[in-house]
Amino acid sequence: MLKFTVTLPSDAAHSVIYLLNDSMEVSALPHAAVVSVEVPDWNRDLSPWKAERVFRKRDDFAGGAKEFLHKLLEIVPEAEKMLGFVPEFRGIAGYSLAGLFAVWTLYRTDVFSRAASMSGSLWFDGFAEFMEEHRPVNAPEKVYLSVGEREKQTKNVRMAQVEACTVRTAEILRGYGTDVRFDLNPGGHFDEVPGRIGRGLRWIGEPSELK
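Residues numbered from 1 in each chain as written. Predicted model: local features only at pLDDT ≥ 70, side-chain atom pairs only at ≥ 80, totals over all residues. Heavy atoms only, no water.

## Comments concerning the side chain of E151
Argument step 1. Position of E151 relative to the elements: it lies in the loop between β8 (142-148) and α5 (162-174).
Argument step 2. You can call E151 buried: its relative accessible area is 9%.
Argument step 3. Not counting residues up to four positions away in its chain, the partners in contact with E151 are S119, M159, V162, G187, G188, H189 and R196. (Helix = DSSP H or I, 4+ residues; strand = E, 2+ residues; numbered from the N terminus. Buried < 20%, exposed > 50% of the residue type's maximum accessible area, 1.4 Å probe, protein only. Contact = heavy atoms within 4.5 Å.)

## Observations concerning the layout of surface pockets
Empty space among the atoms can be located by rolling a probe the size of a water molecule over them.
Argument step 1. In this structure, the largest pocket occupies an estimated 850 Å³ of space.
Argument step 2. Looking at the largest pocket, it is lined by 31 residues, and the ones nearest its centre are W42, S96, L97, H189 and F190.
Argument step 3. Counting residues per element, the ones that place at least two in the lining of the largest pocket are β2 (15-21), α1 (42-45), β6 (89-95) and α6 (193-204).
Argument step 4. Ranked by the residues each element gives to the lining of the largest pocket, the list is headed by β2, at 3 residues.
Argument step 5. For the lining of the largest pocket, a count of residues per class yields 15 nonpolar, 10 polar and 6 charged.
Argument step 6. Each pocket or cavity is described by its volume, and for the second largest pocket that value is around 180 Å³.
Argument step 7. Along its surface, the second largest pocket is lined by K3, F4, T5, T7, N21, S23, M24, E25, V26, S36, V37 and E38.
Argument step 8. When residues of the lining of the second largest pocket are traced back to their parent elements, those giving at least two are β1 (4-7) and β3 (32-38). (1 Å grid on protein atoms, 1.4 Å probe; cavity = no way out; pocket = protein on both sides within 12 Å on 5 of 7 lines; lining within 4 Å. Points joined across faces, edges and corners; volume = space filled by probe spheres on them. Nonpolar A, V, L, I, M, F, W, Y, C, P; charged D, E, K, R; others polar.)

Right under this line is the structure:
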């Protein structure tokens, strides 16, 4: 079973967000509990299909997202036993490759009705085409997308498409009636990561009546 920790909300509880985390401490949100889930192997577990690596010293993308999603859904009942309330909705969130996975899950399960992808790897080979050719299982209620304004300046041709692909993702999801927020942040991929994650979590964690 995947390892996870639960951070309870600081105010009246409404929802739960599953954050694919890399050992970052999470502050309590006003209305949403956060289940931080450990990802054993990011290139394997978060890639929707096989693809060539982007960094020379890293492994190729192994395409293990389907198996990881199965393991993630297995921990949902166990995690929610610890909440002390019945969530009105569930969200899923992640940074970088985990942000790609968060959007991809919307096309594979209806368990999550909201998603946040901060500096998500939406440039991933074939993902834009995948979104064009498929529909989410259910149209998500809210999706938060962000990217750093300098991320497109990378010399890596594949990763340089990140801003254009994020904008296109927003357009596609808005076409289903989804409430999409897109933030263009100062800096590059590794700037102000905790703050970017926090903004995404807070936005998708708002109760429906506060939209």
